[in-house]
Every structure is written in C-alpha cells, then in structure tokens.
Amino acid sequence: MQTDVLYGESYAILEEDNTWAVDTTFHYEVLYVSDEGLILKKFYRKKLDNVQTLESHPLFQSAICVIEETASEYINEEDIIQIVTKDVYASKVPMNSSTYRYLMERSELFEQFFEDLYSEMDQYYNGVKQNAPEKWDFANFLQTSYGVQFEQSEGADIILSNCLGIMRKLNLTYEEMAEYFCKYIY
C-alpha cells in the first residue's frame, strides 16, 4: 500500500502497489480539505477501459487522464472538531472515539490526517509555533468578541494551541473556530 501527501492539505492513497503499466488496475483515494469540510473521493482505473485521456499540459510530461470516480463523500469539519474536543488535553487521537473509528473504516487516509493534525496542534504547544502571535491574537479575539476569560495556565495554552492547529488544518476563520470553541470547549 502506498500513500502520498499531495499539494497543500490533500492526501492520496494508491491501494495496489503494482508497477505502472497500461493494463494495471488501480484503486485511488483522495482526502482533501475544501471550504465545505473534508472531501473523500475514490477512483477506480481498470486497465485503460474506463480512462479518458485529456490533452497534455505543458507542466506534465505525459497526458492527463480522467479516471472514473466511484465515490465521493463529504465529512463535516465538526466531526473532526468533536473528536479533538472530546479530550482537548489529549496528545494523540482518541482511538476509542466512535467517530474516529467510523472515519477509519471509510479510509486509511484519516490516520495520516489525524497524525498531522495532532502534530500541528503540538507545534503550537511545544514546538516552533509555541510563541506564534496568531495564538495570542485568537485568544484576544475570543476575549473581546465572545467574552471568554482565560487564566494563565498550561490548560489554556493547550486549548489555544489545539484551536490554532485545527484552524490551520481545516482552513477555518477565527469566527468559525470561535463558534466551535464556544459550542464544544467553553
């Protein structure tokens, strides 16, 4: 099984690790973040029977092919946020979450997605982004716009770090994250 990270926050999986040939059958999955949430798409290439070739593009060495899409699924960003906020102090994804298990049944790509999400949150807490100004800007935004009061504590730092990691991973605005913060954390 082969997994690749695509441009930005997209993940792709190539189910069969075969050598490339025109008569090879492949199953592809792509998970990416859109304005509406996460999108999981599945594709199937049976030899070249269901492949449509488009004109070649100067950025690519070979022609671009359209492969049959077999499934497309929208995953609500709120599901991801609920998994994280169920135990907002956890440093790893809660494997016992029924929503997490459901997503893992949908695609193995969620495993890498959550590893990256928790890594991003940790970067704001313990890593190179721990003193990032946007973390404190978001705290000020919550205080001035939503009346949230923070105590200077490790718990507040963890929560703010997790909020920033979620915002960056899911491309959320301060307003969107603040609404989720008030709904699930505050």
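Preceding this paragraph is the structure being described.
Structure report, in brief.

Observations regarding the side chain of glutamate 120
Right, on to step 1. Relative to the assigned elements, glutamate 120 resides in helix H3 (residues 109-125).
Right, on to step 2. Within the structure, the side chain of glutamate 120 is placed 2.7 Å from the side chain of lysine 129, a separation counted as a polar contact.
Right, on to step 3. With residues near it in sequence (within four places) discarded, glutamate 120 still touches Lys129, Gly165 and Arg168.

Notes on the environment of asparagine 171
Right, on to step 1. On the secondary structure map, asparagine 171 appears in the loop between helix H5 (154-170) and helix H6 (174-184).
Right, on to step 2. Its relative accessible area of 52% is what places asparagine 171 among the exposed residues.
Right, on to step 3. C-alpha separation for the pair asparagine 171 and serine 34, spaced 137 residues apart in sequence, amounts to 8.1 Å.
Right, on to step 4. For asparagine 171, the residues in contact, after removing those within four places along its chain, are Val33, Ile166 and Glu176.

With respect to helix H4 (residues 133-146)
Residues three or four positions apart in an α-helix share a direction because the helix packs 3.6 residues into each turn.
Right, on to step 1. Between its first and last C-alpha, H4 extends 19 Å over 14 residues, near the 20 Å set by a 1.5 Å rise per residue.
Right, on to step 2. Those residues of H4 that fall on the buried side of the exposure criterion are Lys135, Phe138, Ala139, Phe141 and Leu142. For H4, the angular spread of buried residues about the axis comes to 155 degrees, placing them on one side. Seen from the buried face of H4, the exposed residues on the opposite side, beyond 90 degrees, are Pro133 and Thr144.
Right, on to step 3. Structurally, H4 contributes buried residues whose contacts are with H3, H5 and H6.

Notes on the packing of aromatic side chains
Right, on to step 1. Evaluated as defined, the whole model comprises seven aromatic pairs.
Right, on to step 2. Seen in terms of ring centroids, tyrosine 100 and phenylalanine 114 are 5.3 Å apart; in terms of plane orientation they differ by 75 degrees. Their pairing is edge-to-face. Of this pair, tyrosine 100 sits in helix H2 (residues 98-106) while phenylalanine 114 sits in helix H3, placing them 14 residues apart in sequence. This pair shows no difference in class: tyrosine 100 is buried, exactly as phenylalanine 114 is.
Right, on to step 3. Look at phenylalanine 181 and tyrosine 186: their rings are 5.9 Å apart centre to centre, the planes differ by 25 degrees, and that puts the pair in the stacked class.
Right, on to step 4. Overall, tyrosine 186 belongs to the exposed group, its relative accessible area being 57%.
Right, on to step 5. Counting every residue linked through ring pairs, the aromatic cluster contains Phe138, Phe141, Tyr146 and Tyr174.

Criteria and cut-off values
Residues numbered from 1 in each chain as written. Predicted model: local features only at pLDDT ≥ 70, side-chain atom pairs only at ≥ 80, totals over all residues. Heavy atoms only, no water. Helix = DSSP H or I, 4+ residues; strand = E, 2+ residues; numbered from the N terminus. Polar contact = N/O pair within 3.5 Å; in protein donor to acceptor, adjacent residues only side chain to side chain. Contact = heavy atoms within 4.5 Å. Buried < 20%, exposed > 50% of the residue type's maximum accessible area, 1.4 Å probe, protein only. Expected span 1.5 Å × (residues − 1). Arc of directions from axis to C-beta. Phe/Tyr/Trp six-rings, centres within 6.5 Å; stacked < 30°, edge-to-face > 60°.

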